[in-house]
Amino acid sequence: MSQGSVLNRLWARLVHDRSIGFGFESIGLLTLRFPRLMALAVLAFSLVCATQLPRANVDGNLLRIYAHSGHFYDAYERLSETFGTFENDIYVLVSSPTMTQPETLERVREMAFDLELNEFAVGTMSPFTLRRPVDNGGSVPAVPEGMTDPEQVAQALGDLQQNDPMMRNLITPDLSGMVLIMFPNQEMIQGDGTKAMLASVRKMLSYYDDGDLQIELTGPPVWTSEMLTASVNDQIRFTIYGFSLGAIIALFALRSLVGAVLVAATPFVALMWSSSVVLMMFGSFSFLTIIVTTLVLVMAFAESMFFIFNWLALWRDGMEPHRAVDATLKLVGPATALTTLTTLVAFASLYFSPGQGVQEFAIAGAVGCAIMFVCLMTVMPLLLKLALRLGFKLPKTPSFALSAPVPLAWLLATRFGRLITIGSSLLVLALIIPYFLIQPKFSFEDFMASGSNALNTAAEIDQGVGGVAPLYVRVPLAERDPNVSPKDFATIARVHQILEGELGDNKVISVASMSNYTDSGFTRKEVLDAVGPFLRKRFVTDDGAEALVTGFMPTIIDSNALKDMVARITDKLAAAGIAGAEVGGFRMLTTFATDDIVRSLQASLAVSVLINIGLIGFAFGSFRIALASIVPNLFPILGTEAYLWLAGEGLQLVTVIALTIAFGIAVNDTIHFLSHYVHGRREEQRDHIGSVKNTLERIGGAIVATTVILCAGTIIVAFSDLPEVALFGRLFVMSLALALIGDLFMLPAILVAGSGFFQPLARIRVRTADHVATPDDPSGSGAQTEP
């Protein structure tokens with residue numbers, strides 16, 4: 001006896017006493033045995049979940065995604081704690097063709113003071129809050145009060161704009177616009193606080209927004225609010241459209257309104273359960289975890305279709321409908337358990353990537369998969385039994401359109417099986433090349449809602465004054481003087497010069513920006529005292545140990561350009577001998593941390609693929625089955641990555657997440673196909689070719705239907721106002737469409753071409769599910785006829 005034959009027999013003995021679902025389908029068997037008890041449990045849990053839904057909210061904090069992601073997040077957190085940052089500030093762009101009119105100027109001054117008095121403000125910065133020192137040791141407003149002549153106003157503003165480095169960031173060169181910056185109270189804007197703050201600010205500004213003054217808001221809180229609004233609107237749209245499309249497709253496939261309702265009911269319950277549990281675990285949705293609800297919805301639809309298709313097939317073959325429910329659960333349950341495990345593995349693999357947001361997404365997705373499976377094993381059989389008791393009749397044969405590709409798939413498999421096998425294998429090998437060539441890419445504007453007014457306003461500020469996308473350099477000071485010693489001032493001035501050399505004139509602020517006052521004879525203490533304690537902290541720490549130099553980049557900047565600029569700044573700081581200086585900022589965090597997260601996610605994807613293929617082989621007790629699943633499951637993932645590489649899109653955060661989850665879901669159809677094929681070989685004693693053909697005829701239409709439901713339910717995501725979410729939808733649909741090709745055309749061809757290789761599968765027996773006594777089948781005999 002050959003060594004390979006011995007290993008196969010040992011492997012078969014190892015897996016003989018379990019089902020391919022590792023026994024998880026026992027939940028369904030308990031439902032069959034104790035229907036009333038399980039119905040009470042389902043009802044009780046549903047009521048608990050329903051109480052959580054009113055708490056549903058989306059946390060718009062992007063830092064939640066990157067929290068604890070590594071060095072760049074830690075550096076940004078230290079920066080925020082030491083100095084505070086401009087990333088949480090609200091920018092108000094006030095424009096008027098009559099800005100130099102005294103009446104207009106005083107109206108804007110009044111607006112600036114009202115902004116400072118807002119309950120959410122801990123401080124503001126504007127041309128009216130800045131003061132300049134005077135000879136007697138005090139200070140006066142930088143913009144003089146009581147001016148009565150337009151020429152006087154124009155001269156004063158022009159002098160400030162040209163000669164005061166701080167004012168250059170607040171007054172436009174043509175004197176037609178000013179920027180007012182509000183520093184929010186961070187404790188008050190937690191949770192829904194940002195929404196309340198923006199409402200308060202907008203209400204106050206509305207009193208001044210008339211025909212003469214044009215007022216526009218921008219800044220990270222406004223961007224976050226827009227993203228949050230778009231995200232919530234998307235979720236409502238996705239849920240309604242996805243649910244409706246799934247039900248319509250089910251109606252078309254089953255040609256029965258009641259049947260469509262039965263298919264849709266379980267996904268609805270799964271959606272409610274998963275949403276509520278995510279809220280219980282995290283308190284709110286994030287921009288990533290909210291995607292899980294859509295995924296659970298479409299996955300539950302797909303699995304519901306498989307269950308209903310199998311049940312109706314058994315019923316049409318003459319089995320009593322109640323027993324058909326039991327038999328379907330015993331046959332489909334283990335395969336559904338295995339498909340759930342593979343999808344759960346795909347989600348779980350993401351957990352080992354850095355970033356709190358990705359880890360929360362992984363946990364939410366894994367929990368969502370488990371909840372969906374429990375829902376399918378409990379709610380689905382209970383509903384089917386209830387429908388039968390209420391008089392549900394066998395509907396017409398499913399629509400021919402769903403099974404139309406099946407004859408073609410069989411024709412190609414039998415006539416060109418070997419050619420298709422060789423060609424698809426070589427194609428997959430070729431597609432591995434782009435997998436190693438594609439590079440991470442980050443684009444901040446892709447996180448913004450399409451047509452964002454706040455983003456357009458930010459671009460106007462970029463062109464006219466400083467900007468709203470800060471880049472910071474943290475500078476250690478040798479002499480620890482709170483008023484900055486001459487030696488430390490020279491260090492700050494050098495860093496200021498380096499940063500200005502990269503960002504341009506008037507795009508950097510620091511203690512060195514106040515040199516015009518110190519050159520006029522004022523001490524640095526007088527100048528720093530004049531700006532007030534809040535702004536002083538954004539220039540130098542109270543103990544004089546560190547200073548901050550802030551530059552303003554364009555709001556929209558290519559990630560590679562940002563990386564190159566940071567590298568140049570770092571090199572210049574090192575060349576200038578400024579040891580310990582640290583470049584940071586939110587945009588830098590998102591760009592560099594995204595690279596690290598994406599590379600880690602790509603590794604997680606590879607691990608997920610290997611684990612799932614191994615899991616399939618272990619579940620079926622055959623390495624041959626594992627080999628058969630490789631090509632059809634790698635093809636959709638590698639094909640989608642090749643498309644991204646050819647299109648120059650690069651790998652983004654949601655790109656890799658979409659590919660990982662799409663792989664986990666794409667494996668599902670492969671498992672259902674192989675489960676039916678192996679069942680035909682081992683339980684029904686069909687020959688190899690007959691089992692492949694029977695499997696294709698029996699579930700080919702179901703594979704088409706589930707793919708159509710998944711694609712239709714997810715294509716809605718491609719129309720999101722958030723480009724990142726829209727990209728997720730497009731890639732997800734593309735992966736599933738390629739998976740359909742793999743499962744319907746490649747897999748049968750591989751099985752037919754490898755007749756001799758797969759022949760031994762008939763000798764290994766793996767039970768589909770334990771028999772169990774049920775109210776409709778007291779003997780527990782069930783039915784072992786494949787649907």
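The rules behind each value
Residues numbered from 1 in each chain as written. Predicted model: local features only at pLDDT ≥ 70, side-chain atom pairs only at ≥ 80, totals over all residues. Heavy atoms only, no water. Helix = DSSP H or I, 4+ residues; strand = E, 2+ residues; numbered from the N terminus. Buried < 20%, exposed > 50% of the residue type's maximum accessible area, 1.4 Å probe, protein only. Contact = heavy atoms within 4.5 Å. Areas by Shrake-Rupley, 256 points an atom, 1.4 Å probe, with all protein chains shown as cover. Salt bridge = Lys/Arg side-chain N within 4 Å of Asp/Glu carboxyl O. Axes fitted to C-alpha atoms, helices over the stretch in contact; angles between N-to-C directions. Left-handed = near helix turned anticlockwise from the far one by under 90°. Nonpolar A, V, L, I, M, F, W, Y, C, P; charged D, E, K, R; others polar. Pairing = 2+ DSSP bridges. Parallel < 35°, antiparallel > 145°, perpendicular 65-115°, else oblique. Patch = residues over 30% accessible without salt bridge, like charges linked within 9 Å, V, L, I, M, F, W, Y side chains within 5 Å. Phe/Tyr/Trp six-rings, centres within 6.5 Å; stacked < 30°, edge-to-face > 60°. Lys NZ or Arg CZ within 6 Å of the ring centre and 35° of its normal. Core = buried A, V, L, I, M, F, W, Y, C linked by side-chain atoms within 4.5 Å. Arc of directions from axis to C-beta. pLDDT = per-residue confidence, 0-100.

Student: Tell me about the overall build of the chain, and name the residues and values.
Tutor: Helix and strand counts for the chain come out as 28 helices and 10 strands. Across the 787 residues in the chain, those meeting the buried criterion constitute 60%. Relative to all contacts within the chain whose residues are 6 or more apart in sequence, the contacts with residues 24 or more apart total 83%. Surface accessibility of the chain: about 29800 Å² in total, with carbon and sulfur atoms responsible for 60%.

Student: Could you give me a rundown of the pattern of salt bridges, with the residues and numbers involved?
Tutor: Side-chain pairing between opposite charges can occur once the charged atoms of the two side chains come close. In total, this model carries 10 salt bridges according to the counting rule given. Of the charged contacts, one joins Arg-64 and Glu-360 as a salt bridge, the two residues approaching to 2.8 Å between their closest N and O atoms. Of this pair, Arg-64 sits in helix 4 (residues 63-66) while Glu-360 is found in helix 14 (residues 356-389), placing the two residues 296 residues apart along the sequence. The burial state of Arg-64 is the same as that of Glu-360; both residues are buried. Notably, a salt bridge pairs Arg-474 with Glu-546, separated by 2.8 Å at the nearest N-O pair. Of the two residues, Arg-474 sits in strand 7 (residues 469-476) while Glu-546 sits in strand 9 (residues 546-553), which places them 72 residues apart along the sequence. A single burial state applies to Arg-474 and to Glu-546, both of which are buried.

Student: Explain the packing of helix 24 (residues 623-647) against helix 27 (residues 723-753) to me, using residue names and the numbers behind them.
Tutor: Relative to each other, helix 24 and helix 27 sit at 145 degrees, their axes nearing to 8 Å. Relative to helix 27, the crossing made by helix 24 is right-handed. In this structure, helix 24 uses Ala-628, Val-631, Pro-632, Phe-635, Pro-636, Gly-639, Thr-640, Tyr-643 and Leu-644 to contact helix 27, whose residues at the interface are Leu-731, Met-734, Ser-735, Leu-738, Ala-739, Ile-741, Gly-742, Asp-743, Met-746, Leu-747, Ile-750 and Leu-751. Among the residues forming the contact of helix 24 with helix 27, the class breakdown is 16 nonpolar, four polar and one charged.

Student: Account for unusual backbone geometry, naming residues and giving values.
Tutor: For Phe-22, which is not glycine, the phi torsion reads 55 degrees and is therefore positive. One can find Phe-22 in the loop between helix 1 (3-15) and helix 2 (26-33). We classify Phe-22 as partly exposed; its relative accessible area is 26%. One non-glycine residue with positive phi stands out, namely Leu-175, at about 65 degrees. Examined against the element boundaries, Leu-175 turns out to sit in the loop between helix 8 (165-168) and strand 5 (177-184).

Student: Tell me about the sheet that holds strand 8 (residues 508-509), and please be specific about residues and values.
Tutor: With antiparallel pairing, the four strands of this open sheet are ordered in space as 8-9-7-10. Every other strand in the sheet has two partners, leaving strand 8 and strand 10 (582-584) as the edge strands with one partner each. Here strand 8 pairs with strand 9 via two bridges, running antiparallel. Each residue of the ladder has a partner; that of Val-508, found in strand 9, is Gly-551.

Student: Mind laying out the packing of helix 16 (residues 405-437) against helix 24, listing which residues take part and the relevant values?
Tutor: At a minimum axis separation of 8 Å, helix 16 and helix 24 run at an interaxial angle of 45 degrees. Considered as vectors, helix 16 and helix 24 are oriented oblique to each other. Here helix 16 and helix 24 pass one another in a crossing that is left-handed. In contact with Ser-424, Ser-425, Leu-427, Val-428, Leu-431, Ile-432, Pro-434, Tyr-435 and Leu-437 of helix 16, helix 24 contributes Val-631, Leu-634, Phe-635, Leu-638, Gly-639, Glu-641, Ala-642 and Trp-645. Taken together, the residues that form the contact of helix 16 with helix 24 break down as 13 nonpolar, three polar and one charged.

Student: Outline the pairing of strand 1 (residues 90-95), listing residues and values.
Tutor: Burial analysis of strand 1 places six of its six residues in the buried class, which makes it a mostly covered element. Side chains Ile-90, Val-92 and Val-94 project from strand 1 onto one buried face, and the interleaved Tyr-91, Leu-93 and Ser-95 project onto a second face that is buried too. Sheet analysis places strand 1 next to strand 5, joined by six bridges and oriented antiparallel. Opposite Leu-93, over in strand 5, you have Val-179 as the bridge partner. Here strand 1 runs beside strand 6 (residues 214-218); their pairing, made up of five bridges, is antiparallel. In the sheet register, Leu-93 faces strand 6, and the bridge partner there is Glu-216.

Student: Quick rundown of a nonpolar patch on the surface? Include the residues and the values.
Tutor: On the surface, Phe-45, Val-48, Met-280 and Met-281 cluster together into a nonpolar patch covering about 320 Å² of accessible area. Elements that contribute at least two residues to the nonpolar patch include exactly helix 3 (35-52) and helix 11 (257-282). In this structure, Val-48 sits in helix 3.

Student: Describe the packing of aromatic side chains, with residues and values.
Tutor: By the definition in use, this model includes 13 aromatic pairs. An angle of 80 degrees between the planes, with centres 5.1 Å apart, marks the rings of Phe-45 and Trp-273 as edge-to-face. Placement of Phe-45 in helix 3 and of Trp-273 in helix 11 is noted, with a sequence separation of 228 residues between them. According to the relative accessible area criterion, Trp-273 is buried, its value standing at 4%. Both rings, one in Tyr-351 and one in Phe-352, keep their centres 5.8 Å apart while their planes meet at 85 degrees; by these two values the pair is edge-to-face. Looking at Phe-352, the relative accessible area reads 67%, which means it is exposed. Here the guanidinium or amino end of Arg-624 rests over the ring plane of Phe-757, the centre of that ring lying 4.9 Å away.

Student: Help me get a handle on the nonpolar core, residues and values and all.
Tutor: In this structure, Trp-311 and Phe-361 are the most contacted members of the largest nonpolar core, which totals 263 residues. With 20 residues, helix 12 (residues 289-316) is the single largest residue contributor to this core.

Student: I'd love a proper account of helix 20 (residues 524-531), names of residues and values included.
Tutor: Taken together, the buried positions of helix 20 are occupied by Arg-524, Val-527, Leu-528, Ala-530 and Val-531. For helix 20, the angular spread of the buried residues around the axis is 155 degrees, confining them to a single face. At its buried positions, helix 20 is contacted by strand 3 (131-133), strand 4 (139-141), helix 18 (486-503), helix 19 (515-518) and helix 21 (533-536). The first or second residue beyond helix 20 is Gly-532, which carries a positive phi of 95 degrees.

Student: Account for the sheet that holds strand 1, naming residues and giving values.
Tutor: Taken in spatial order, the four strands of this open sheet run 2-5-1-6, and their pairing is antiparallel. Since the sheet does not close on itself, it has two edges, and those belong to strand 2 (121-125) and strand 6, each with one partner. Strand-to-strand, the axes of this sheet are offset by a mean angle of 20 degrees, without reference to chain direction.

Student: Can you break down the confidence of the model for the chain residue by residue, with the values?
Tutor: For the chain, per-residue confidence averages 83 on the pLDDT scale, and 92% of positions sit at 70 or higher. When the elements of the chain are averaged for pLDDT, helix 1 gives the smallest value, 47, and helix 3 the largest, 94.

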